[in-house]
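If you want the building blocks of each chain, they are given just below.
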Amino acid sequence: MKKITIAILFLSFSFSFAQKIPDLNLKSLDGKIVNVNEISNSDTIKIFSFWATWCVPCINELDAISDVYEEWQDETNVELIAVSTDDSRTKKRVKPMVNGKGWEYTILIDNNQEFKRALNISILPHIIVVKNGEIIHRRSGYTPGSEDELYEIIKNNL
Amino acid sequence: MRRHLIVLFLLVFNVNASAQLLDNLSFGLESNAIWYNDDKKTGSFYDDVNKDDDEHFRSNNYLKLDYSFFKNFKATVQFESYEPLALLNYSPNYNETNIATYSLNYKTDKLDVTAGYLYEQFGSGLILRSWEDRQLGINNALRGGKATYTPTDFLSFTALYGRHRVGFKTSEGEIFGFNSDIDLTSLFKFENSTLSLGVSYVGRKENLNIEDPVFDYLTNAFSNRLDFSYKNFYSSAEYVHKSEDAVVQILNVNNIFPDDFVKPGSALLFNTGYSKKGLGIDLTFRRMENMGFYSDREKTGNIYNENIVNYTPALTKQHDYILTNIFVYQSQPLVSFNYESNVFKVGEIGGQFDLFYKIKKDTPLGGKYGTKIAFNASYWAGLKADITQAGFETNPDYETEFLGFGAKYFSDFSLEVRKKWSSKWSTIFYYLNQYYNKEQIEAKYNAETLKNNIGVIESTFKFAKNKSLRLEAQKLWSNSEDHDWIGGTLEFNLSSKFSFYVNDSYNSGIDHDTSKIHYYNFGGSFTKGATRLGINYGRQRGGLLCVGGVCRIVSPSTGLSVNLTMSF
């Protein structure tokens, strides 16, 4: 009996359901407090990219998007928010790395991985695409070229 | 009948309410399973943690559910299952299927209250950090309560109490914490600069049955922090003081708490940097003396990283390639007198330097896409001290020099150049030079100091939409006859969903653990959205697995592993 109920509950997962961004405050690289729920409540599409300075595929993905970011923004007004999950061992490398690479993204610091945990992310990189506060797409891992697929998704959800 | 009604009700309720109900539910599943083989080269399967050679199949499974309700509440529960036993080298305390952590959180603009298992970090974590890292088997969540009050933009206060999670049990010792952060920037409305202060207190109380103890069962630690930035320049400093406590020395079973070996601890962390578009410079210095801090004293320095109160990671660059991770520095926060190997440590001192630079597009060196350069160097030594060894009637003791550099433990420098040649082809060049004082770091008598040079070339070719090939060639040259490694990786991304790889590393040196053995791995992964399935077969080298500057010892093993992660 109990099992059936649980099964039904789990079955209903397969119906599409939109998940929301938690109500959390994170600090941006320049020390400002940003509520991630508030910034995701917008008509324009936001991408949260969870990364870390020691994660090579993360850097590759952010580098790859960086090359086409201007074009993306011109055409879709999309904004990428790179959420650094670096802990205090590597956190100090975030600012020089972001500047050294010339990335134009908004950078948020998820110091003790509260945001990452709230979204149940276990593998980096992890991309979350949000519109009007709701998650419309998420993906873990990066392979060269998957930024093109991401752009398709953005364009299809404008 | 009644049951059927309930089902019907649930069905209807489900259809109507599921959208809203499930909107508020999120879950994450992670499952790591390995079938361990016997291996002719590296030996038969044996689990020396659980003294078992029978259960070749192992799995670690995590299911976390979060449910938000009544606007301000969130309930979280995490189930964990280690069946029939945990993966090799995990703590024997991970030994069943059960609820591992649970919590209830209430949150408004100003107040954030959690009851149950909680995660927290004060400042850089040098005084307190509780977090989860499944790869390392770390979950030192505190079971208790926490409240954070943020009356204004620039003030925040946190108070907490709890006992550490240790497997499916909790620590004997209790942790009390208080933290306050003050952001003077918004208070004084600075234009070009920021200034913030932080003050923390952490108390650890562990009662012991010792007659006339010469130390308090309550140990107090204080941290003061300052963060400052002006335009492109930034800097921060932290000083931690830990009150006198027994120095835990595992000399023999009866001598965990030597009579008069009672010392305070301290740490100083300083960081400064400058960055602007295309350039970043960063310098970090840290000095630690007797900074081991555990909820249960006798767990000091335990290899499973259990009962850790504070976070003292190695401040060196985390390198990305297999051969660059054979000799990894581990931070040395503890007082550790090892008479057998004649190694006496009271802490560490040193620092690291980072430089990031982008050579502009359309310049001779920059080419069409620009060239990205990263340089890192680090130097770590033991904290200089006058050591008094335990004698017939003398207790062990030491006197430190505040900024004295003792024996050199470790140094490295690395240069990374990332070059994109065309929209289809990019290359990374990586060079690393390292110095590893094995005798001191691992407390192994007369062990040889290793001086290695490592070179890596990585190239990625994109040959169709979403199809790419990645190649890695690595070589390690050493001063030691024991080590002479080559390695390589071939990765083929068929689409954004399917990826396959094969890698191998091989030591033609004479090191008796690893000599003439191919450490090969091959596998593939399937990714769709937030679901990822990975399969790997191969042979792992024994050694250290490090994430975020914390390491776990892993024994050599061969087997088939399957990893599944999902989140909604």
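Residues numbered from 1 in each chain as written. Chains lettered and ligands numbered in written order. Predicted model: local features only at pLDDT ≥ 70, side-chain atom pairs only at ≥ 80, totals over all residues. Heavy atoms only, no water.

A. Expanded view of the interface of chain A and chain B. Across the contact, 57 residues belong to chain A and 76 residues belong to chain B. Summing both partners gives a buried area of about 5900 Å² for chain A against chain B, and 50% of it is carried by carbon and sulfur. Interface area lost by chain A to chain B is led by Arg89, Arg93 and Asn120 of chain A, which between them contribute 14%. Remark: the boundary between chain A and chain B carries 27 residue pairs in polar contact (both at pLDDT 80 or more). Top contributing element to the side of chain A that touches chain B by residue count: helix H4 (residues 94–101) of chain A, with six residues. Taken together, the residues that form the side of chain A that touches chain B break down as 18 nonpolar, 20 polar and 19 charged. (Contact = heavy atoms within 4.5 Å. Buried area = accessible area lost by both parts, 1.4 Å probe. Polar contact = N/O pair within 3.5 Å; in protein donor to acceptor, adjacent residues only side chain to side chain. Helix = DSSP H or I, 4+ residues; strand = E, 2+ residues; numbered from the N terminus. Nonpolar A, V, L, I, M, F, W, Y, C, P; charged D, E, K, R; others polar.)

B. Layout of the environment of Asn376 of chain B. Here Asn376 of chain B is to be found in strand S22 (residues 371–388). What makes Asn376 of chain B buried here is its relative accessible area of 0%. Distance in space between the C-alpha atoms of Asn376 of chain B and Phe492 of chain B is 30 Å, their sequence separation being 116 residues. With sequence-adjacent residues up to four places away left out, Asn376 of chain B is seen in contact with Arg93 of chain A together with Lys317, Gln352, Phe353, Asp354, Asp412, Phe413 and Ser414 of chain B. In terms of polar contacts, Asn376 of chain B uses its side chain to reach the side chain of Gln352 of chain B, at 3.0 Å. (Buried < 20%, exposed > 50% of the residue type's maximum accessible area, 1.4 Å probe, protein only.)

C. Local environment of the side chain of Lys116 of chain A. Tracing the backbone through its elements, the reader meets Lys116 of chain A in helix H5 (residues 114–118). For the buried Lys116 of chain A, no salt bridge exists, and the shortest N-O distance to an oppositely charged side chain is 6.9 Å, to Asp133 of chain B. Those residues within four positions of Lys116 of chain A in sequence are excluded, and the remaining contacts are Phe50, Thr85, Asp110, Ile121 and Leu124 of chain A. (Lys, Arg positive; Asp, Glu negative; His and termini not counted. Salt bridge = Lys/Arg side-chain N within 4 Å of Asp/Glu carboxyl O.)

D. Structural context of H4 of chain A. Residues and elements named next belong to chain A. Counting buried positions along H4 yields six of eight residues, so the element is predominantly enclosed. For H4, the full list of buried residues reads Val94, Pro96, Met97, Val98, Gly100 and Lys101. Just past H4, the residue Gly102 takes up positive phi, approximately 70°.

E. Looking closely at the sheet that holds strand S7 (residues 134–140) of chain A. All names here are of chain A. Read across the sheet, seven strands follow the order S2-S1-S5-S4-S3-S6-S7 without closing on themselves; strand pairing throughout is mixed. Single-partner strands in this sheet number two, and they are strand S2 (33–35) and S7. Sheet twist, expressed as the mean angle between neighbouring strand axes with direction ignored, is 30°. Where strand S6 (residues 126–131) meets S7, six bridges bridge the pair, whose relative direction is antiparallel. Each bridged residue has a counterpart across the sheet, and for His126 the counterpart in S7 is Ser140. Packed onto the sheet, helix H6 (residues 146–156) meets strand S3 (46–51), S6 and S7 and runs at close to 170° relative to S7. (Pairing = 2+ DSSP bridges. Axes fitted to C-alpha atoms, helices over the stretch in contact; angles between N-to-C directions.)

F. Main features of the state of the cysteines. Residues and elements named next belong to chain A. Scanning the model with the defined rule gives one disulfide over all chains in all. Each sulfur in the disulfide pair Cys55 and Cys58 lies 2.0 Å from the other. Of note, the bridge from Cys55 to Cys58 carries an S-S torsion of about 75° and is right-handed in sense. Comparing Cys55 with Cys58 shows no difference in burial state: the two are buried. (Disulfide = S-S within 2.5 Å.)

G. Geometry of the packing of helix H3 (residues 56–76) of chain A against H6 of chain A. Residues and elements named next belong to chain A. Relative to each other, H3 and H6 sit at 15°, their axes nearing to 11 Å. If you check the angle between H3 and H6, you find them roughly parallel. The interaxial crossing formed by H3 with H6 has right-handed handedness. Note on element contacts: H6 touches H3 through Glu147, Leu150, Tyr151, Ile154 and Lys155, opposite Ala64, Ile65, Glu71, Trp72, Glu75 and Thr76. Taken together, the residues that form the contact of H3 with H6 break down as six nonpolar, one polar and four charged. (Parallel < 35°, antiparallel > 145°, perpendicular 65-115°, else oblique. Left-handed = near helix turned anticlockwise from the far one by under 90°.)

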